[in-house]
Amino acid sequence: MSNMMDQKELETVRELIKDIDTAMLTTLTEEGLVSRPMKTQEVEFDGDLWFFTKKETNKYDEILHNQEVNVAYAGKSYVSIRGRAEIVEDLDKKKELWGFAYDKIMQTTYDDPNIVLIKIKTEAAEYWETGSLTKRIAFMFKRITGQNAESADVNETVELDK
């Protein structure tokens, strides 16, 4: 099912990803798709996702050439977010999102000109709620028997208004 993401759906996606620290960011290279783990910034999801990176990484170059990305979260539920990435060098935003742990992880500080933010503007999100045992059993049964599993109501696709 596909529709424009409303406030309730935005809150659902926010709730599903809020406790998942690490996401898999997928970019496109000349050879194909590449995924790598990234730490999501601890800001309330409003349709945008934020990640720190360095300019001297492949993902930086990949985003400069193709802004289409996917971010996948796996936890108690599963969320796949499709969007467009942009590189942000705003010093105030980097300072706002920076935490002490990054000093150690990235071995530098937020004001290092090599540090940038990746901002991903969500275009669509698909999620699978796995909290309901009944829904999971219905989904698996329909998949195993070759039936349309969409009617098991375990996943939903929503699109943001562009």
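Everything numeric in this text was worked out from a predicted model, so none of it was measured.

Asks: Please explain the pattern of salt bridges as it appears in this structure.
Replies: Opposite charge on two side chains permits pairing when their charged atoms draw close. Taken as a whole and judged by the stated rule, the model has seven salt bridges. Here glutamate 15 and lysine 18 are joined by a salt bridge, their closest N and O atoms 3.2 Å apart. Lysine 55 is paired through a salt bridge with glutamate 89; the nearest N and O atoms lie 3.0 Å apart. Of this pair, lysine 55 sits in the loop between β3 (48-54) and α2 (58-65) while glutamate 89 sits in the loop between β5 (78-88) and α3 (91-97), and the two are 34 residues apart along the sequence. By relative accessible area, which is 26% here, lysine 55 ends up partly exposed.

Asks: Which parts of the structure should I look at to understand helix α1 (residues 7-17)?
Replies: Note that an α-helix has 3.6 residues per turn; residues three or four places apart therefore point the same way. Listing the buried residues of α1 in full gives Glu9, Leu10, Val13, Arg14, Leu16 and Ile17. Seen from one end, α1 has its buried residues packed into an arc of 165°, which puts them on one side.

Asks: Looking at this model, I keep getting lost on the nonpolar core. Mind explaining?
Replies: Ranked by internal contacts, the top residues of the largest apolar core, which has 22 residues, are Leu49, Phe51, Val71, Tyr73, Ile81 and Ile120. Excluding anything up to four places from it in sequence, leucine 49 contacts Ile17, Thr40, Val71, Tyr73, Ile81, Ile118, Lys119 and Ile120. Counting nine residues, the second-largest nonpolar core is a separate cluster that includes Phe52, Val88, Leu97 and Leu117.

Asks: When you look at the pairing of β3 in this model, what are you seeing that I'm missing?
Replies: A regular strand places its side chains on the two faces of the sheet in alternate fashion. Across the seven residues of β3, six count as buried, placing the element largely inside the fold. Here β3 runs beside strand β6 (residues 115-128); their pairing, made up of seven bridges, is antiparallel. Counted as the bridge partner of phenylalanine 51 is isoleucine 118 from β6.

Asks: Please clarify how the packing of aromatic side chains should be interpreted in this entry.
Replies: Each aromatic ring pair is specified by the distance between its two centres and by the angle formed by the two planes. In total, this model carries three aromatic pairs according to the counting rule given. With a centroid separation of 5.0 Å and an interplanar angle of 55°, the aromatic rings of phenylalanine 52 and tyrosine 102 are classed as tilted. Of the two residues, phenylalanine 52 sits in strand β3 while tyrosine 102 sits in helix α4 (residues 100-105), which places them 50 residues apart along the sequence. By the burial criterion, phenylalanine 52 is buried, and tyrosine 102 matches it. For the pair tryptophan 98 and tyrosine 102, a centre-to-centre distance of 5.2 Å together with 40° between the ring planes defines the contact as tilted. Each member of the pair tryptophan 98 and tyrosine 102 is classed as buried. Three or more aromatic residues joined by ring pairs make a cluster, and in this case those are Phe52, Trp98 and Tyr102. For the cation-ring pair, lysine 93 lies above tryptophan 50, with the distance from its terminal atom to the ring centre recorded as 4.7 Å.

Quick notes on the rules
- Residues numbered from 1 in each chain as written.
- Predicted model: local features only at pLDDT ≥ 70, side-chain atom pairs only at ≥ 80, totals over all residues.
- Heavy atoms only, no water.
- Salt bridge = Lys/Arg side-chain N within 4 Å of Asp/Glu carboxyl O.
- Helix = DSSP H or I, 4+ residues; strand = E, 2+ residues; numbered from the N terminus.
- Buried < 20%, exposed > 50% of the residue type's maximum accessible area, 1.4 Å probe, protein only.
- Arc of directions from axis to C-beta.
- Core = buried A, V, L, I, M, F, W, Y, C linked by side-chain atoms within 4.5 Å.
- Contact = heavy atoms within 4.5 Å.
- Pairing = 2+ DSSP bridges.
- Phe/Tyr/Trp six-rings, centres within 6.5 Å; stacked < 30°, edge-to-face > 60°.
- Lys NZ or Arg CZ within 6 Å of the ring centre and 35° of its normal.

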